[in-house]
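# Analysis of the macromolecular model
Residue strings, one per chain:
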Amino acid sequence: MTLKKSTDRMIYLIGMALAFIGMLIPCVREPEEGVLNVFSGAAFFNQPGIAYISTFMVIVWLAALAGIIIYFLTNFMVGDFVAWLVGAGFGAAHAIAMCMYLAENYEELGMLSWLYVGSFVTCAGFTTALVGLILQAIHIQHPLKPKAE
């Protein structure tokens, strides 16, 4: 038995796949180290005092992966929303932590100087996934109501 996947959920899947891929391409620029993707960034920021930045990066990447897995395993919107919420929440926490790290260590740099291509792809992915979630919510059909034709 296969689950029927709607177009709205397909938009969600595309968004989460973009977010997943965005973390694999260079997404963070550290002035002394250069550009880092999720793996090199997690290794670089895994130091005493700033290890939470590494944790936030990995959780965003794993939340995008979880969103993709949930898409294939269930046909339930709540799981999609939880995966998106975890990824977007930790993405925002990562952005704040990076701004604080740069402001503390490199006063001459701008607040968003750490952004690189992967950050924009990840942000676009989570935004696309949110559009898919909103469309899913709009098209929810009550099980006792007959379908409009």
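Above this text is the structure in question.
Note that the structure is a prediction, hence the values are computed from the model and not measured. (Residues numbered from 1 in each chain as written. Predicted model: local features only at pLDDT ≥ 70, side-chain atom pairs only at ≥ 80, totals over all residues. Heavy atoms only, no water.)

### Details of the packing of helix α1 (residues 7–24) against helix α3 (residues 51–73)
- It is the contact of α1 with α3, at a shortest axis distance of 9 Å, that shows an interaxial angle of 150°. Compared by their axis directions, α1 and α3 come out roughly antiparallel. The two elements α1 and α3 meet at a crossing, and its hand is left-handed. Facing R9, M10, Y12, L13, M16, A17, A19, F20, M23 and L24 of α1, the residues of α3 in contact are M57, V60, W61, A63, A64, L65, G67, I68, I70, Y71 and F72. (Axes fitted to C-alpha atoms, helices over the stretch in contact; angles between N-to-C directions. Helix = DSSP H or I, 4+ residues; strand = E, 2+ residues; numbered from the N terminus. Parallel < 35°, antiparallel > 145°, perpendicular 65-115°, else oblique. Left-handed = near helix turned anticlockwise from the far one by under 90°. Contact = heavy atoms within 4.5 Å.)

### Some thoughts on the packing of aromatic side chains
- Per the counting criterion, the structure on display carries eight aromatic pairs.
- Arranged with centres 5.4 Å apart and planes meeting at 20°, the rings of F20 and W61 form a pair that is stacked. Highlighted residues: F20 in helix α1 and W61 in helix α3, separated in sequence by 41 residues. Across this residue pair, the class does not change: F20 and W61 are buried.
- Ring geometry for F56 versus F90: centroids 5.7 Å apart, planes at 50°, classification tilted. Of the two residues, F56 is situated in helix α3 and F90 in helix α4 (residues 77–105); the sequence distance between them amounts to 34 residues. (Phe/Tyr/Trp six-rings, centres within 6.5 Å; stacked < 30°, edge-to-face > 60°. Buried < 20%, exposed > 50% of the residue type's maximum accessible area, 1.4 Å probe, protein only.)

### Focus on the nonpolar core
- In terms of nonpolar packing, the biggest core is built from 34 residues, with F45 and Y101 touching the most fellow members.
- Mapped onto this core, the elements with two or more residues apiece are α1, α2 (38–44), α3, α4 and α5 (117–138).
- In terms of residue count, α3 provides more of this core than any other element does, eight residues in total.
- Y101 has contacts with E30, F44, F45, I50, I53 and Y106, leaving out every residue within four places of it along the chain. (Core = buried A, V, L, I, M, F, W, Y, C linked by side-chain atoms within 4.5 Å.)

### A look at a nonpolar patch on the surface
- There is a patch of nonpolar side chains on the surface, built from F76, V78, F81, V82, L85 and V86 and spanning about 530 Å² of accessible area.
- Inspection of the secondary structure assignment puts V78 in helix α4.
- Taking the relative accessible area as the measure of exposure, V78 reaches 48% and is therefore partly exposed. (Patch = residues over 30% accessible without salt bridge, like charges linked within 9 Å, V, L, I, M, F, W, Y side chains within 5 Å. Areas by Shrake-Rupley, 256 points an atom, 1.4 Å probe, with all protein chains shown as cover. Salt bridge = Lys/Arg side-chain N within 4 Å of Asp/Glu carboxyl O.)

### Considerations on the layout of surface pockets
- What the second largest pocket holds in volume is close to 390 Å³.
- Among the secondary structure elements, those contributing two or more residues to the lining of the second largest pocket are α3, α4 and α5.
- Counting residues per element, the lining of the second largest pocket draws most heavily on α4, which supplies seven residues.
- Grouping the constituent residues of the lining of the second largest pocket by class yields 15 nonpolar, six polar and no charged. (1 Å grid on protein atoms, 1.4 Å probe; cavity = no way out; pocket = protein on both sides within 12 Å on 5 of 7 lines; lining within 4 Å. Points joined across faces, edges and corners; volume = space filled by probe spheres on them. Nonpolar A, V, L, I, M, F, W, Y, C, P; charged D, E, K, R; others polar.)

### A closer look at the environment of L36
- Of note, L36 is situated in strand β2 (residues 34–36).
- Overall, L36 belongs to the buried group, its relative accessible area being 4%.
- Taking the C-alpha atoms as reference, L36 lies 8.9 Å from Y116; in sequence the two are 80 residues apart.

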